[in-house]
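Listed below, chain by chain, are the residues.
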Amino acid sequence: MGGVAVSTPECDWCNDTGTVTGYGYFPGGDPRTFSPDPEMNTPEEMAAWEKACAAYEQDETPDQRDGCVWIRGVKITRCRFGIGGYAAPCPFCEKGEQP
Ligand SMILES: [Zn+2]
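Conventions we followed
- Residues numbered from 1 in each chain as written.
- Predicted model: local features only at pLDDT ≥ 70, side-chain atom pairs only at ≥ 80, totals over all residues.
- Helix = DSSP H or I, 4+ residues; strand = E, 2+ residues; numbered from the N terminus.
- Buried ≥ 20, exposed ≤ 12 C-beta atoms within 10 Å, placed from the backbone.
- Contact = placed C-beta atoms within 7 Å.
- Core = buried A, V, L, I, M, F, W, Y, C linked by C-beta atoms within 7 Å.
- Pairing = 2+ DSSP bridges.
- Axes fitted to C-alpha atoms, helices over the stretch in contact; angles between N-to-C directions.
- pLDDT = per-residue confidence, 0-100.
- Expected span 1.5 Å × (residues − 1).
- Arc of directions from axis to C-beta.

For the rest of this paragraph, the subject is the overall build of the protein. A count of helical and extended segments in the protein gives 2 helices and 5 strands. For the protein, the α and β elements follow one another from N to C terminus as β-β-α-β-β-β-α. Buried positions account for 26% of the 99 residues belonging to the protein. Across the protein, the fraction of contacts at a sequence separation of at least 24, relative to all contacts at a separation of at least 6, is 69%.

Here is the structure:
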């Protein structure tokens, strides 16, 4: 957590907050940072998310067998978790990179 960059990065991804917040598909990483919207998602999607959270607590590896696609380090599409709110660590600031 937290970058070690000496210079101040202008991170468009998180506006230098180190956290990416929003509403949409699960962005990747710790599934517990994601809150599926029960009004938008099917019971299957809610169950998939709960299962991923439980799995993550045992072994900190996000479930990548759910058809999610990684784009530029961020898992964004076709996630079985459906749609919801999230607050995830910025994947770029974590690595000290810029988008
Ligand atoms: Zn960032």
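What follows covers the nonpolar core. Taken as a class, soluble globular proteins show a tendency for nonpolar side chains to be buried jointly. By size, the foremost hydrophobic cluster in this structure holds 13 residues, and its most contacted members are Phe26, Phe34, Ala48, Trp49, Phe81, Tyr86 and Cys90. Broken down by secondary-structure element, the contributors of at least two residues to this core are strand E1 (19-25), helix H1 (43-58), strand E5 (83-89) and helix H2 (91-95). In terms of residue count, the dominant contributor to this core is H1 (3 residues). Ignoring any residue separated from it by four or fewer positions in sequence, one finds Phe34 in contact with Phe26, Trp49, Phe81, Gly84 and Tyr86.

Next up on the list: the sheet that holds E1. With antiparallel pairing, 3 strands are arranged side by side in an open sheet as E1-E5-E2. Strands at the two margins of the open sheet, each flanked by one partner only, are E1 and strand E2 (34-36). Across the sheet, the mean angle from the axis of one strand to that of its neighbour is 10°, orientation sign disregarded. Relative to E5, E1 runs antiparallel, the two being bridged by 7 bridges. Looking at the pairing, Thr19 lines up with Pro89 of E5.

Alignment of E2 against E5, held across 3 bridges, turns out to be antiparallel. Residue pairing across strands places Phe34 opposite Tyr86, the latter belonging to E5.

Any residue range with low pLDDT should be treated as having predicted coordinates unsuitable for detailed reading. When the pLDDT values of the protein are averaged, the result is 74; 69% of them are 70 or greater. By mean pLDDT, strand E3 (residues 69-71) is the weakest element of the protein at 49, and E2 is the strongest at 90.

Along an α-helix, a turn takes 3.6 residues, which lines up residues three or four apart on a common side. For H1, built from 16 residues, the straight-helix expectation of 22 Å at 1.5 Å per residue is met to within 8% by its first-to-last C-alpha distance of 23 Å. Every buried residue belonging to H1 is among Ala48, Trp49 and Ala52, and all of these are buried. The buried side chains of H1 occupy one side of the element, clustering within an arc of 100° when seen end-on. Of the residues in H1, the exposed ones pointing more than 90 degrees away from the buried face are Pro43, Ala54, Glu57 and Gln58.

What follows concerns the environment of Ala55. When you line up the elements, Ala55 lands in helix H1. Along the backbone, Ala55 and Pro31 are 24 residues apart, and their C-alpha atoms lie at a distance of 9.5 Å.

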